[in-house]
Amino acid sequence: MSTAFSLAPLFRSSVGFDRFNDLFETALRNEPGSSYPPYNVEKHGDDEYRIVIAAAGFQEDDLELQVEKGVLTVSGGKRDTKAESVTYLHQGIAQRAFKLSFRLADHIEIKAADLSNGLLSIDLLRVVPEEAKAKRIPINGAQKPALQH
């Protein structure tokens, strides 16, 4: 019996931050069938992220991206193939409907989305406003006059 414990599922649906409370909360709400379609969450530099979703068989019109209250939702709908005169002898490419949600950290914005070679790539960028950035305070070694009361 293996005693190894993987935290990988906790990092699947959060992009741009490492808050364990949010990660555990999200992992507990994850539905068991939420692994379709497979996807990667990649970090490209300090402030750039990319979500890559395997959307084989889907076209741009079949996919929808929406951001609401810090949650990116990617959904794909099944096309109506009844109009086509195709009889499948074997259908291994799943084209069932799906819905994936990713909680985004503060100041994460969608930069671009592209569907190419069956992969949906969503580029994200952290844009931190000046007032929210950490500021370095210089220490002046010169003697300051004492404050008078």
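Just so you know, these numbers come straight off a predicted model, no measurement behind them.

**Q** Would you mind showing me how to read the overall build of the protein chain here?
**A** For the protein chain, the count of helices and strands is one helix and eight strands. Walking the protein chain from its N terminus toward its C terminus, one meets helices and strands in the order β-α-β-β-β-β-β-β-β. Of all 149 residues assigned to the protein chain, the portion counted as buried reaches 25%. Within the protein chain, counting contacts between residues at least 6 apart in sequence, those at least 24 apart form 58% of the total. When the accessible area of the protein chain is evaluated, it comes to approximately 11,400 Å², of which 51% is carbon and sulfur surface.

**Q** I'm lost on the pairing of strand S6 (residues 98–104) in this one. Help?
**A** When a strand is regular, its side chains alternate between the sheet's two faces. Residue alternation in S6 divides its side chains into a buried set, Phe98, Leu100, Phe102 and Leu104, and an unburied set, Lys99, Ser101 and Arg103. Summarising the sheet, strand S5 (residues 71–76) and S6 pair through six bridges and their orientation is antiparallel. Bridge pairing in S6 places Gly76 opposite Phe98.

**Q** How do you make sense of unusual backbone geometry when you look at a structure like this?
**A** Glycine aside, residues mostly have negative phi, and peptide bonds are mostly found in the trans state. The backbone of Lys69 shows a phi angle near 55°, a positive value even though the residue is not glycine. Among the structural elements, Lys69 can be located in the loop between strand S4 (63–68) and S5. A positive phi angle is found at Asn117, which is not glycine, with a value near 55°. Mapping Asn117 onto the fold places it in the loop between strand S7 (108–116) and strand S8 (119–126). Residue class for Asn117 comes out exposed when judged on its relative accessible area of 77%.

**Q** I keep staring at the sheet that holds S8 and nothing clicks. Help me out?
**A** Strand pairing in a sheet is mediated by backbone hydrogen bonds. Such pairs are either parallel or antiparallel. Spatially, S2-S3-S8-S7 is the arrangement adopted by the four strands of the open sheet, whose pairing is antiparallel. Lying at the two open borders of the sheet, with one neighbouring strand each, are strand S2 (39–43) and S7. Neighbour-to-neighbour, the strand axes of this sheet turn through a mean angle of 15°, independent of strand direction. Where S2 and strand S3 (residues 48–54) come together, five bridges link them in antiparallel fashion.

Quick notes on the rules
Residues numbered from 1 in each chain as written. Predicted model: local features only at pLDDT ≥ 70, side-chain atom pairs only at ≥ 80, totals over all residues. Heavy atoms only, no water. Helix = DSSP H or I, 4+ residues; strand = E, 2+ residues; numbered from the N terminus. Buried < 20%, exposed > 50% of the residue type's maximum accessible area, 1.4 Å probe, protein only. Contact = heavy atoms within 4.5 Å. Areas by Shrake-Rupley, 256 points an atom, 1.4 Å probe, with all protein chains shown as cover. Pairing = 2+ DSSP bridges. Axes fitted to C-alpha atoms, helices over the stretch in contact; angles between N-to-C directions.

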